[in-house]
Amino acid sequence: MDGLYLLWWVQEKQMSPALVAATMAAGDLLLMALEIPTGWFADRFGNRRSLILGSLIQVAGMICCWLADGIPGLFLACALVAVGDAFRSGADQALLYRSCVALGHEGDFQRIEARSRAIQVIALAGLIVGGGAIVTTWGFAAGWAAETLLCTIGGAIAYAMVEPPACGSEEKDDVSPAPRTRIPWRIAALVILPLAFLDAMTAAGSFVLQTSGGSSPGQVTVLVALITLADAAGSALATRLPGAGLRAQVALAVAGAIVAGVAVAAPAILIPSIVALAFATGLSHPLRAAAIQRLATDDMRARAASAASACDMALSTLFLLLAGSLLAGRNS
């Protein structure tokens, strides 16, 4: 149902498009604001508990999207979805990393994270198409029922997980004269920011492609599919690469900025440029996730991953606003 929210609220629920858009934007801002607090919850009370709680709230959000009416229902639905996403954000990467360390396979984290992300991106695209087919065939009620069921299954999977013990490396540090108890945030920020800019450039470029006019719905669908597949291909490649740190992140961001600059100067190659940016974004996500988890201590892993997610959202929002303003200026 990810691509059908607007149709549901506007056509079926008779809500104003502007009101729906504003409410969904407010939900994104709420998610951004909750990233760090929910990351603290996961670090303090357990990543597994945070995933379970997030899934339960997500189920409530889907039911609210389905059954709630009017402006209060719209606001409550968007808020629940944001809160559910916030509790799961960061906790998933922290739980995976701690599990890899507990099993003696810390070096496998990047490969597993990259493979999982590639599968997730492709599956999301498939679910969007599948949701459209379900709604077209059986109606919105069937679509929301399927969405709620998927969220419930996600909660059951989270419940079946096991919270790993503290990382062995952290336990060894604890008996040293001066154990590292805080993540080096300055270094972490330098690791986080390059991908945030790369992600924002990709989002802005995709927005320009979809809204600049002259494209039919079929062409837009093909463009989105190409961008999605390029992102997944980048993550798939990351499964075969060694761990990388700050220099690799900066190099990818610089290369992305060069590609974006060339695309601005030569609009004829805008499509391949955005596809290339999406590929670089997909490649960089697992590399950064591994770098962040290596920097973080056990009591800060979810917060570090959540901080990266919040930075991504903030810069993407800023770049989208700038892209929208530029398009408006050209059309005026």
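It is not clear to me how the overall build of the protein should be interpreted in this structure. Could you clarify?
Helix and strand content of the protein: 13 helices and zero strands. Buried positions account for 44% of the 332 residues belonging to the protein. For the protein, contacts bridging at least 24 residues in sequence account for 84% of all contacts bridging at least 6. In the form shown here, the protein has an accessible surface area of approximately 16,400 Å², with 69% of it arising from carbon and sulfur atoms.

I keep staring at the confidence of the model for the protein and nothing clicks. Help me out?
Fine structural detail should not be taken from predicted coordinates in areas where pLDDT scores are low. Model confidence for the protein is summarised by a mean pLDDT of 84, while 88% of its residues fall at 70 or above. When mean pLDDT is compared element by element in the protein, helix H3 (residues 47–67) scores highest at 94, while helix H8 (residues 168–174) scores lowest at 44. For the stretch residues 169–180, pLDDT sits under 50, and the model shows 12 contacts to residues farther than four places along the chain or on other chains.

Is there a simple way to explain the pattern of salt bridges in this structure?
Oppositely charged side chains are able to pair whenever their charged atoms sit close together. The full count for this structure, using the stated rule, is nine salt bridges. A salt bridge links Asp69 to Lys13; the shortest N-O distance between them is 2.6 Å. One end of the pair, Asp69, is in the loop between H3 and helix H4 (70–88); the other, Lys13, is in the loop between helix H1 (5–12) and helix H2 (17–45), with 56 residues separating them in the sequence. Across the pair Arg98 and Asp298 runs a salt bridge whose closest N-O atoms are separated by 3.5 Å. With a gap of 200 residues between them, Arg98 in helix H5 (residues 91–102) and Asp298 in the loop between helix H12 (270–295) and helix H13 (301–331) connect regions that are remote in the sequence. Judged on exposure class, the residue Arg98 and its partner Asp298 are both buried. What emerges from the salt-bridge pattern is a single network uniting Arg98, Glu163, Asp298 and Arg301.

Rules of the game
- Residues numbered from 1 in each chain as written.
- Predicted model: local features only at pLDDT ≥ 70, side-chain atom pairs only at ≥ 80, totals over all residues.
- Heavy atoms only, no water.
- Helix = DSSP H or I, 4+ residues; strand = E, 2+ residues; numbered from the N terminus.
- Buried < 20%, exposed > 50% of the residue type's maximum accessible area, 1.4 Å probe, protein only.
- Contact = heavy atoms within 4.5 Å.
- Areas by Shrake-Rupley, 256 points an atom, 1.4 Å probe, with all protein chains shown as cover.
- pLDDT = per-residue confidence, 0-100.
- Salt bridge = Lys/Arg side-chain N within 4 Å of Asp/Glu carboxyl O.

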